[in-house]
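These are the residues of each chain, in order.
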Amino acid sequence: MRQTHPSLFPIGSVLKHKKTGGFYQVIGLAKIEATLEMAYVYESRQTHDYWIRPQAEMEDGRFELAD
């Protein structure tokens, strides 16, 4: 995925969720179709599930860089 918007966490970053302790890798940024809001696409390092979360939520302090 091509990154075209500024983001706190660069593509490829490994993040730790502060509350759950889970580790995730940022795959890219995407737009949510219904709202055109920017969102992170990321993969769980434990289960290999893919997740999408609005950029504002991802950058609100619940995640931190792990690497």
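Once a new chain begins, its residue numbering starts again from 1 and follows that chain's sequence as written. This being a predicted model, a pLDDT of at least 70 is required before a residue's local features are given, and a value of 80 or more before pairs of side-chain atoms are given or counted; all residues contribute to the totals for chains, interfaces and linings. Side-chain measures were taken over the full set of non-hydrogen atoms in the model, leaving aside hydrogen atoms and water.

In the nomenclature of an unreviewed UniProt entry, the chain corresponds to DUF1653 domain-containing protein from the organism Polynucleobacter victoriensis.

A separate point is the pairing of strand 1 (residues 14-17). DSSP bridges decide pairing: two strands pair if at least two such bridges lie between them. By definition, any uninterrupted DSSP run of H or I lasting at least four residues is a helix, any uninterrupted run of E lasting at least two residues is a strand, and each is numbered from the N terminus. Alignment of strand 1 against strand 2 (residues 23-31), held across three bridges, turns out to be antiparallel. When the sheet's bridge partners are listed, Lys16 is paired in strand 2 with Phe23. Where strand 1 folds back onto strand 2 in an antiparallel hairpin, the turn is made up of five residues, including Gly21, whose phi is positive at roughly 80 degrees.

Let us look at the pattern of salt bridges. In what follows, salt bridge is the name for a side-chain nitrogen of Lys or Arg lying within 4 Å of a carboxyl oxygen of Asp or Glu. Using the criterion set out here, one finds three salt bridges in the structure. Across the pair Asp60 and Arg62 runs a salt bridge, and its minimum N-O distance is 2.5 Å. Think of it in three bands: with a 1.4 Å probe and only protein chains considered, a residue is buried below 20% of the maximum accessible area for its type, exposed above 50%, and partly exposed in between. Note on Asp60: relative accessible area 43%, which makes it partly exposed. Exposure remark for Arg62: the relative accessible area of 30% places this residue in the partly exposed category. Each of the salt bridges in this network shares a partner with another, and the network as a whole consists of Arg53, Glu57, Asp60 and Arg62.

For sheets, the rule is that strands pair by backbone hydrogen bonds, running either parallel or antiparallel. Judged by pairing direction, the sheet is antiparallel, and its five strands sit side by side in the order 4-3-2-1-5 without closing on themselves. Both outer strands of the open sheet, strand 4 (50-54) and strand 5 (63-65), are each paired with one neighbouring strand and no more. Shown here is a sheet whose adjacent strand axes are inclined to one another by a mean of 45 degrees, direction ignored. Note: strand 3 (residues 38-44) against strand 4, five bridges, orientation antiparallel. Within strand 4, the residue paired with Tyr42 across the bridge is Trp51. Here an angle of 0 to 180 degrees is reported between the N-to-C directions of two axes, which are lines fitted to C-alpha atoms, with helices fitted over the stretch in contact.

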